[in-house]
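# Summary of structural features
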Amino acid sequence: MLDRRHFMTLAAGAAGFALLPGVARAQTGLTVEEVLSDPTAPVRGNSDGDVTLVEYFDYQCPACKGSHDEVMRAVEKDGKVRLVMKDWPIFGEASVYASHLVLAAVPSGGYAHAQEALLNTKGALTRQAVETTLEKAGLDVDALRSAYRDRKGEIDALIMRNSHQAEAFGFPGTPAFVAETTLYPGVMDEKALLEAFAKARG
């Protein structure tokens, strides 16, 4: 089991890629705490859970949208998982705009509602489609834009950290997951997620 005081390095594992102690800061510049416990990153699921699952995602990613319900079902079925959502907007400007507005909803308690609304859209997004979707979900887009401006530095820095982590891990795209100390690039269904939770506790 990886001691959280150590740095991480990547090595191929049977399920995903195991994060092993060693000279990882030289390779990735990351610590386990930075990946699992970023205080700015939104948390869904059980905030006091004994397993942390990190998901790197994009609001325009078809695979992220298609697998989102399974991710939430697995987290709910287990009941003891912290789900840390890490925006990695790689599909263009509309994705960045979506991330800005949804992350701006965190302080008001509207994050999960805004996230669900956008992850349940079909196809590509535009700035207007992002705004229309959030408005139809009952969110005040003007207030979200204002909230983003107020927290711009914090939100932009979070997205940059997320992107740096995903790129350091060599993830080919979204979605991508980290379950405690194991990387899982690509889509995971409910069964695979539940197995990952069990492995993390093992």
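Residues numbered from 1 in each chain as written. Predicted model: local features only at pLDDT ≥ 70, side-chain atom pairs only at ≥ 80, totals over all residues. Heavy atoms only, no water.

### Remarks on the packing of helix α3 (residues 62-78) against helix α9 (residues 190-201)
Any two packed helices are characterised by the angle at which their axes cross and by the distance between the axes. Using the following cut-off: What counts as an axis is a line fitted to C-alpha atoms, over the stretch in contact for a helix, and the angles between N-to-C directions run from 0 to 180 degrees. The helix and strand labels rest on DSSP assignments: H or I over at least four residues marks a helix, E over at least two residues marks a strand, and numbering proceeds from the N terminus. Roughly parallel covers angles under 35 degrees, roughly antiparallel covers those over 145, roughly perpendicular covers 65 to 115, and oblique covers all other angles. Note on convention: the crossing is left-handed when the near helix lies turned anticlockwise from the far helix by less than a right angle, right-handed when the turn is clockwise. Working rule for contacts: check all heavy atoms of both residues, and any pair within 4.5 Å makes them a contact. Gly is placed with the polar residues, together with every amino acid not listed as nonpolar (Ala, Val, Leu, Ile, Met, Phe, Trp, Tyr, Cys and Pro) or charged (Asp, Glu, Lys and Arg).
In the contact formed by α3 and α9, the axes pass within 8 Å of each other and the chain directions differ by 45°. Between α3 and α9, the angle is such that the two are oblique. α3 and α9 meet at a crossing whose hand is right-handed. Together, Glu70, Val71, Arg73, Ala74, Val75, Lys77 and Asp78 of α3 and Glu190, Leu193, Leu194, Phe197 and Arg201 of α9 make up the contact between the two elements. Partitioning the contact of α3 with α9 into residue classes produces 6 nonpolar, no polar and 6 charged.

### Concerning the pairing of strand β6 (residues 176-179)
As a reminder, the rule being used: Throughout, exposure labels follow a simple rule: accessible area from a 1.4 Å probe, protein chains only, divided by the maximum for the residue type, with under 20% read as buried, over 50% as exposed, and the rest as partly exposed. Paired strands, in this sense, are two strands between which DSSP finds at least two bridges.
What you see with β6 is no split at all: Ala176 and Val178 on one side and Phe177 and Ala179 on the other are buried throughout. Where strand β4 (residues 51-57) lies against β6, 4 bridges are found, and the strand directions are antiparallel. Directly across from Val54, in β6, lies its bridge partner Val178. Two elements, β6 and strand β7 (residues 182-185), share 4 bridges in a ladder whose sense is antiparallel. Along β7, the bridge assignment pairs Ala179 with Thr182. Linking β6 back to β7 in an antiparallel pair, the connection comprises 2 residues, with Glu180 at a positive phi of about 55°.

### Focus: empty space enclosed by the protein
Using a probe with the size of a water molecule, rolled over the atoms, empty space left in the structure can be pinpointed. For the record, the criterion: Points on a 1 Å grid over protein atoms alone make up a cavity when a 1.4 Å probe fits among them but cannot get out, and a pocket when they form an open set with protein on both sides within 12 Å along at least five of seven lines; lining residues each have an atom within 4 Å of a point. Grid points are joined across faces, edges and corners, and a volume is the space filled by probe spheres set on the points.
Counted by the stated rule, this structure contains 1 cavity of 30 Å³ or more. Computed from the structure, the largest cavity encloses a volume of approximately 30 Å³. Along its surface, the largest cavity is lined by Thr40, Leu103, Val106, Arg151, Ile155 and Leu158. Grouping the amino acids of the lining of the largest cavity by side-chain chemistry returns 4 nonpolar, 1 polar and 1 charged.

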